[in-house]
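# An overview of the molecular structure
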Amino acid sequence: MANNEHSQGSDTLEVPNRSKLDIPLRTNINDNGGNISDVSSVSSDTPLQKGFYEICPRELSQLHDPKSIARLYNLGGLDHLVYDLLNSSTSHGIQDRDEENDIQPRKLQFGENVLPTRKPKSFIRLCWEAMHDKVLILLSIAAVISLALGLYETFGQGTVYDDEGLPLPKLDWVEGVAIITAVIIVVIVGAANDWQKERQFAKLNAKKEDREVVVIRNGSQKYISIFDLLVGDLINLQTGDVIPVDAILVSGEIECDESSITGESNTVRKWPAQDCLHHYERQLPTTEDLGSTEIKFKDPYMISGSKVLGGYGNAIATAVGPNSMHGRTMMALDVEAEVTPMQARLDALAEGISRYGFLAALILFVVLLIRYGVHIAPNGSFHDLPATEKGKKFIDILITAVTIVVVAVPEGLPLAVTLALAFATTRMAQNGNLVRVLKSCEIMGGATAICSDKTGTLTENKMRIVRAYFNKDFFFDSRSDALSTVTNLPGGLKDVIAANITLNSTAFENEKFDESIYNKAREKPKPKSLISTLISNIRGQQKAHSQTALGVESEPYLGNKTESALLIFARESMNLFKLQSLESIRTQNRPEIVQTIPFESSRKWAGIIVKLGPGKGFRFYIKGAAEIVFKQCGYETTTNHKLDRSDRERVLCKIDEYGIDALRAIMLAHRDFSHLKSWPPTEIADENNPREADPKLLFNASHSAFQERSLILDMLVGIQDPVKEDVPEAVLQCKKAGVSVRMVTGDNLRTAKSISKNCNILVAPDLDNEFACMEGPVFRELLLKERQRIVPNLKVLARSSPEDKRILVDTLRKLGEVVAVTGDGTNDAPALKLADVGFSMGIAGTEVAREASDIILMTDDFTDIVQAIKWGRTVATSIKKFIQFQLTVNITACVLTFVSAVASSDGHSVLTAVQLLWVNLIMDTLAALALATDKPDDSLLNRPPAGRTLPLISTSMWKMILGQSAMQLTVTFILHFKGPHFFFGNGAIDNHEQKQLDAMTFNAFVWLQFWKLVVTRKLDEADEITTIRGRITRENLDFFQHLLRNWYFIVITVLIGACQVLIMFVGGAAFSIARQTPGMWATAIICGFLSIPVGIIIRIIPNIWVERLFPTKAFNTFLYYAGLKFLLKKNRANRKNSDEEAGNKRENGEVEPGKAE
């Protein structure tokens, strides 16, 4: 056939063998040499941009999403689309000889097949983004002020001497430097963690090398890179190919696996577009289209990212790069990150602390300023001082006031969060969770809902034989019983089944499958200590396991999924291929196969005829839909036992049972023709090919050449994409933890219900709820209010599209839920990105799904989600423990500094700046590290999730914070104000003795924090218990429980204690320490230990008592005005809006009875 060429001086492309009349093509380039002319749309409802072709990329994309044979028909059919609109050919492809007039215009109008790639953020960019944290901004401001005043005191004032005449060291600048150091550490650690995780992910998810595909251009085949494919290209597709672009099949027949795109595990058969259009025309007039449940239309559409399981053919490319299904999904992943629920709470806490700290500092400054005014007035103690000395006294007042703010600022909070997340993500990696986004670990602890894909997430995405029936004596209903059942089968029956499975099949071995690599990918990494893990991460070491864990080939056979399932059954349960490979068995038996009857959807079975040997005749092996094959079965097993009525009813019940449970029922049978010397029998010979039997006549048992129901039943199997073994238990654990699990799938409703029951997602009470199960097309048509009313009861969403899943996630989030989404396919990517946390599969997951996710389940193990919940809650608990500890120290230190400064004649606090620095080091860095390294406990799953609305500081936390603060203030005030009386009598004391008492107060204050750190190991273990007797349990009161599991905590507390002893003995002038007497030491340590009994008493008191007695309304009013919230327009607007919403709810009757606004 001659190649198509542009004729000189002609505007028409000559195309041979066209089924339509030639229609002159619009000239792409006008007479002026390349100007683009105006065109109008071929579709009246779609406006077009100016271009070279009379169709735009959007119109071509609409053919595939959603698939529509009606759109192709309305465009004028295949020939008009290919020849006229795309300037191509179904036999010759495009003309690539004319780069200027053909190739370049295609690239300009339809784009190139280069998928968008996300540029990784640099380390500097990550540091810059980390600096935008509100807490870090607050710390930076405090650091600058503190450093400026510290430098003034260091360089702007003379040398100060103690009572012994020794010069005091000038260390006032240390506090500012310490805060700046803390900020730098937090920024670098957080950015380095994100950067390292992103590098690890990039290495694991490295793009596969560029590959070549066969295209037909100018009528001849050629290999080109997938990146060079253009719209209009004629692509040759064969078994095993991953389809690189959206295309329309024009010749051949192909079976595709679209599970990664649509979520449906069934094989999808593709037909040439002309056949599909003819079938569509026969149904006209109709409003139905592809996907209809009323009419089964044929599908010609090839979707980018799907895989060819069988067959071969040629397809015309219709969308490439960002315009293809794969490309558009990748583009949808680029969304801005949102503030996490915990981060929002922490920001609010930081703002509150800064406001209250500022208020306390302002009050202190005013009080000291008034007293300063009294002192500089006539007859005042400062009246006769030089102006410089008066100025210095004023600066001292300012410094004391600023000290309050510095003490109040939570320097260690960001570090606690970062350390907790770093520790958790490191340990989660050892559990098989690769955390790509650090904050996702914390979010998962507050998750209230999980929306899970079915295929590949809840199920294995591998069709497997899960049940089988051989006869009334041999059957199994669980995969675990398969091996023992098959082992006891009669030898003759096993041989017949083995021959049928291996020879009557088109599936073949997957050369890329390596069982050792696959098993290695599913192994959990060996546990390592945090320190060794961090060292290996710094050095950039990665285990071979990690580098091969993503995208591993998991299927030993390629081709039809049903036939692959049978081969895997033969491999695992019959031990068939231990001595001989599948290919060698087929090669050995190929000469004996006299006829092959391929599977056709019209007859729903496939078969082969095998010559048995000299004088033994022939055997007909058949495999197909159970309800079809069984009609012609009259016998059972090789004993030729004739099926009586009860036998037939038993088998039919099994077939029905498999159908009800959404299993694909397949039957294997055979029939011997022992009397024949040649094939076929003349009675059933095919008229067109006498050397073969007519399949219809061969199968038809009513023919005179056969007995009625002459087939022998060998095996009935139920094939299903089975639920992963650990999923049902994991779902129950999620429910126990207060996390609802929903299944979202593209499968039909019956299959979805069956799988969800097996997963424990759909339980008995849900069956009576009409909204528990719903189909995607119905769900997406609901109004927002209707969806919000229905979604809380929804458990299963079937026949859903990626958009349906996205709508479900969006609705849940608008209802205040914290949503986690799991998925393995390209179709899951939009929902993975929209969710608060996205989980993807490391082995079976597609590249797009992994790119969109926050956490990768490296071993595809759903139970790792439960581990993620536990670790997330551990992180949240660690942060809350730290907040409880730090706020206690903050309140005590601030009040102590305030009162002692006001009471002091010179306005100085009992705690010096250097002493406060050590206290800050305890409550910041060391406490953060100690509390961040607790391991998760199963009891965490017994508590409800935090969600978005649960307050950061709970009743039990406030109870402990205020109770311990009151005790600590009482102790320190007594020591500070009554210490002289206790230790030196009623007489006056000198400066050295006062220094001893101040040092004792500091010592007692530190030991109070030391034992308070131990008390903080317990948080909210007994919140729901309302009786004193019920709260007296080890779980609630034993602060040393599981202590030996956390050696980091033990080492850090020992370090704090040792350093404090060292400071008290050798701290000297630097820490303003005077040598302590044994009585002072005993007093400080005993007073410090009071934190333990007081902590026990506070934890015994039920929360409900505190909530009833505590003046909540008055306290909230105080916080509102003390925190200056009334000055913020945002709060006024929010209050106004909430009042309006509350009024509307009352009018509409939406407020639940007894529920507070």
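Residue indices begin from 1 for each chain and proceed along its sequence in written order. Only residues with pLDDT of 70 or above have their local features reported here, since the model is predicted, and side-chain atom pairs are shown and tallied only from 80 upward, although totals for entire chains, interfaces and linings are computed over all residues. The side-chain values count all of the structure's non-hydrogen atoms but skip hydrogen atoms and water molecules.

This paragraph deals with the packing of helix α14 (residues 438–445) against helix α33 (residues 863–903). It is at 6 Å that the axes of α14 and α33 come closest, and there the two elements cross at 90°. Comparing their axes, α33 and α14 come out roughly perpendicular. Packed against α14, whose contacting residues are C441, E442, M444 and G445, the element α33 presents I865, A868, I869, W871, G872, R873 and V875 at the interface. Charged means Asp, Glu, Lys or Arg here, nonpolar means Ala, Val, Leu, Ile, Met, Phe, Trp, Tyr, Cys or Pro, and polar covers whatever is left, Gly included. When grouped by side-chain class, the residues that make up the contact of α14 with α33 number seven nonpolar, two polar and two charged. Axes here refer to lines fitted to C-alpha atoms; in helices the fit is confined to the stretch in contact. Angles between the N-to-C directions go from 0 to 180 degrees. Numbering goes from the N terminus for both helices and strands, where a helix is a DSSP run of H or I of at least four residues and a strand is a run of E of at least two. Angle categories are assigned with fixed cut-offs, so that under 35 degrees is roughly parallel, over 145 is roughly antiparallel, 65 to 115 is roughly perpendicular, and the rest are oblique. Residue contacts are counted whenever heavy atoms from the two residues lie within 4.5 Å of one another.

A separate point is the side chain of Q964. One can find Q964 in helix α35 (residues 955–984). With relative accessibility at 0%, the residue Q964 sits in the buried group. Setting aside anything within four residues of it in sequence, one finds Q964 in contact with T888, K1012, V1015, S1091, V1094, G1095 and I1098. Note on exposure labels: buried denotes an accessible area under 20% of the residue type's maximum, exposed denotes more than 50%, and partly exposed covers the range between, all computed with a 1.4 Å probe on protein chains only.

The next point concerns the UniProt feature "transmembrane region" (unreviewed entry) in the protein chain. UniProt positions are given in the numbering used here, feature names are shortened, and annotations may be inferred rather than shown by experiment. Residues annotated by UniProt as "transmembrane region" (unreviewed entry) correspond here to residues 135–153, 173–193, 356–374, 394–424, 882–903, 915–933, 1047–1074 and 1080–1101. Note that residues 356–374 is 100% helix and 0% strand, and that its end C-alpha atoms are spaced 27 Å apart. Taken end to end, residues 882–903 has its terminal C-alpha atoms 31 Å apart, with 100% of it in helix and 0% in strand.

Take L969: it is sitting in helix α35. Classification of L969 by relative accessible area gives buried; the value is 13%. Taking C-alpha positions, L969 is 5.9 Å from T892, a pair spaced 77 residues apart along the chain. Not counting the four nearest positions on each side in its chain, L969 is found in contact with T892, V895 and L896.

Turning our attention to the sheet that holds strand β21 (residues 740–744). Strands are treated as partners if at least two bridges between them are detected by DSSP. Pairing within the open sheet is mixed, and its eight strands lie in the order β8-β26-β25-β24-β9-β21-β23-β22. The open sheet terminates on both sides in strands that have one partner only, identified here as β8 (433–435) and β22 (773–775). For this sheet the average axis-to-axis angle between neighbouring strands, irrespective of direction, equals 20°. Against the sheet, α14 touches β8, β9 (449–453), β24 (819–823), β25 (837–841) and β26 (855–857), its axis set at about 105° to β25.

With that settled, the discussion passes to the packing of aromatic side chains. For Phe, Tyr and Trp, rings pair up if their centres lie within 6.5 Å, where Trp contributes its six-membered ring, and each pair is then called stacked (planes under 30 degrees apart), edge-to-face (over 60) or tilted (otherwise). Going through the model one piece at a time under the given rule, you end up with 18 aromatic pairs. Seen from their ring centres, F673 and W679 are 5.2 Å apart, and the 75° between their planes marks the pair as edge-to-face. Ring centres 5.1 Å apart and planes at 85° place the aromatic pair F1010 and W1011 in the edge-to-face group. Grouping residues by exposure puts F1010 and W1011 together as buried.

Before going further, it helps to examine helix α24 (residues 645–660). Residue count minus one, scaled by 1.5 Å, sets the expected span of a helix. End to end, α24 covers 22 Å across 16 residues, agreeing with the expected 22 Å (1.5 Å per residue, within 8%). Residues D647, R648, V651, K654, I655, Y658 and G659 constitute the buried set of α24. Projected down its long axis, α24 shows its buried positions confined to an angular sector of 140°, all on one face. Of the exposed residues in α24, those oriented more than 90 degrees away from the buried face are R645, C653 and I660. A662 occupies a position one or two residues after α24 and carries a positive phi of about 60°. This arc corresponds to the set of directions leading from the helix axis out to the C-beta atoms.

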